[in-house]
Amino acid sequence: MASSTLSTPSFFLQHQSKPSTSSHRSSTFLPPIRSSISEKPPSLSVTPPPQPTKLPIRKIPGDYGIPFITPYKDRLDYFYNQGRDEYFKSRIQKYNSTIFRTNVPPGPLIAQNPNVVALLDAKSFPILFDATKIDKTDVFTGTYAPSTELTGGYRVLSYLDPSDPKHNKLKQLMFFLLKSRIRHVIPEFRSSYKELFTSLENELAKTGKASFADANDQAAFNFLARSLHGSNPVDTELGLDGPKMVQKWVLFQLGPVLKLGLPKLLEDSIIHNFRLPSSLVKKDYQRLYDFFYASSGFALDEAERLGISRDEACHNLLFATCFNSFGGFKLFFPNVMKWIGRSGVSLHMKLAKEIREAVKSAGGEITMAAMENMPLMKSVVYEAFRIDPPVPLQFGRAKKDMVIENHENSFVVKKGELLLGYQPFATKDPKVFDRAEEFVADRFIGDGEKLLKHVLWSNGPETESPGLGDKQCAGKDFVTLVSRLLVVEIFLRYDSFEIQVGSSPLGSSITVTSLKRASF
């Protein structure tokens, strides 16, 4: 979701108590989501230039080894012998540094150059947000870029640097989409996720357990199509096929950097070595394209006004909705369920009490103003973003020679070098967060709000708002709003729930084993 998830800047968000039938061109604005005690207005600049370093200069440790051989060995360590977290941890220990040189997948034969400078702490990571120093061209997925045949022949917004002439126009289109449709977000979320919870309850009654993933996929896709594009997929030729087609299409883009759970020899020799032919998903992609082209006429009209062709705009809207937003909810919502579920009944009852009292005080309606009066709920969502960010890896290429600091040293990076930030290490930096490895539900209440500047899931600090000239997630506040709505819906309906947690190629796999209906 970070830089990859569709949302709207805070100054677009509106307080809404009931569905509106007004035009999508409504000019009524809503109060922003407050993520900080700061009252400074949103800024288009993301990160100010660092002050001259006073830390000792150290040569960046590590090396890239023997071409082809070392990157291949590193890939086996990354996926199979160590796993991603241990891969990075072991090298931090080896080099006694959170900044070092290494290789990352996929390596040969897909990526010609697997070399990166890793940034694995809270101090060095934010350099990746500085558009004056970091080039984001074709680095959205890391050391390789998927074929544009998977996106209609266009390089979509996520792969463009802010300096690209098309970047600002396309990001403005995303802002327009969300501003135009914001009135529909809360009611359509409630409708779509009512269907999810009904599905979970029915499955629990039949088998004693229910998979969250399938129900969440359908609910998330329906919600995005209904709220942002004004069309119910079930009433169209697309039917219920959307989520499966999206997942297949995403696999063809991310397969080289995923561990899918296939037999090791098969997975590594084929999926990690060769690009899957885009022709295998061409028909599915065309069905998705046709749905969005038919559903998004108002946004396509705006695209033409901005100087973007309807065809290019549609491919970008599809990518933003399906890859960025749907993909983000598929990753992040199970994480929210995991951390709240593991926290137990005590937290559940506190959340239920807070949420129900705030909604009652708002006349029984879920509104943005009501959610601002739920400090524990807001903290829980921020803590989930901190401990388990939906987009863990961020990349950027140095636009010029520069000095980057971690907590102990400063390091010279040369123009053209590719930087990799592994966000879970930055947002679990023990020099910034106490009990950094623990889920602390009330971490961001009161004075804890000061730590929100270190929550970075949106490809920028939580205390800042996205602008046209940066790569912060255009949908930052939209994603925050929808994540809050998930928690609110859960605890309006249930006092508590129990889960089993497994793993999947994209994160956590959640099986619901108990739902205790609201008793007060």
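Structure shown above.
Residues numbered from 1 in each chain as written. Predicted model: local features only at pLDDT ≥ 70, side-chain atom pairs only at ≥ 80, totals over all residues. Heavy atoms only, no water.

Along its length, the protein carries 15 helices and 10 strands. Out of the 520 residues in the protein, the part that is buried amounts to 59%. Restricting to contacts in the protein with at least 6 residues of sequence separation, those with at least 24 account for 74%. Entry remark: accessible area of the protein is about 21,000 Å², with carbon and sulfur atoms responsible for 54%. (Helix = DSSP H or I, 4+ residues; strand = E, 2+ residues; numbered from the N terminus. Buried < 20%, exposed > 50% of the residue type's maximum accessible area, 1.4 Å probe, protein only. Contact = heavy atoms within 4.5 Å. Areas by Shrake-Rupley, 256 points an atom, 1.4 Å probe, with all protein chains shown as cover.)

On to the pairing of strand E1 (residues 99–103). Most of E1 sits out of view: 5 of its 5 residues are buried. Neither face of E1 is open: one carries Ile99, Arg101 and Asn103, the other Phe100 and Thr102, and all of them are buried. Relative to strand E2 (residues 115–119), E1 runs antiparallel, the two sharing 5 bridges. When the sheet's bridge partners are listed, Thr102 is paired in E2 with Val116. (Pairing = 2+ DSSP bridges.)

Our next topic: the sheet that holds E2. Pairing in this open sheet of 5 strands is mixed, and the strands run E1-E2-E8-E5-E3 from one edge to the other. In this open sheet, the two edge strands, each paired with only one partner strand, are E1 and strand E3 (134–135). As paired strands, strand E5 (residues 393–398) and strand E8 (residues 418–422) are joined by 5 bridges and run antiparallel to one another. In the sheet register, Leu393 faces E8, and the bridge partner there is Tyr422. Relative to the sheet, helix H2 (residues 84–95) contacts E1, E5 and E8, its axis offset from that of E1 by approximately 130 degrees. (Axes fitted to C-alpha atoms, helices over the stretch in contact; angles between N-to-C directions.)

Moving on, we come to the packing of helix H10 (residues 310–343) against helix H15 (residues 476–493). Direction vectors running N to C along H10 and H15 enclose 40 degrees, while the axes themselves pass 11 Å from each other. Between H10 and H15, the crossing angle belongs to the class labelled oblique. Crossing geometry of H10 relative to H15 is assigned as right-handed. Here Phe329, Phe332, Phe333, Val336, Met337 and Ile340 of H10 come into contact with H15, specifically with Phe478, Val479, Val482, Ser483, Leu486, Val487, Ile490 and Phe491. (Parallel < 35°, antiparallel > 145°, perpendicular 65-115°, else oblique. Left-handed = near helix turned anticlockwise from the far one by under 90°.)

In terms of nonpolar packing, the biggest core is built from 116 residues, with Tyr193, Trp249 and Phe478 touching the most fellow members. At 16 residues, the largest contribution of residues to this core is made by H10. Listed in part, the 20 residues of the second largest apolar core include Leu76, Ile92, Leu393 and Phe425. (Core = buried A, V, L, I, M, F, W, Y, C linked by side-chain atoms within 4.5 Å.)

A cis amide bond links Pro105 with the next residue in sequence, Pro106, at an omega value of 5 degrees. Following the sequence through the fold, Pro106 ends up in the loop between E1 and E2. Cis rather than trans, the peptide bond between Pro108 and Leu109 has omega equal to 15 degrees. Within the secondary structure, Leu109 is located in the loop between E1 and E2. Even without glycine at this site, Phe68 takes up a positive phi of about 70 degrees. As for its position among the elements, Phe68 is in the segment before helix H1 (69–81). Taking relative accessible area as the criterion, Phe68 reaches 47% and is therefore assigned partly exposed. The residue Arg435 is not glycine, and still its phi comes out positive at about 45 degrees. Looking at the secondary structure, you find Arg435 in the loop between helix H14 (423–426) and H15.

So, to be careful, I would describe these as geometric facts and stop short of saying anything about function.
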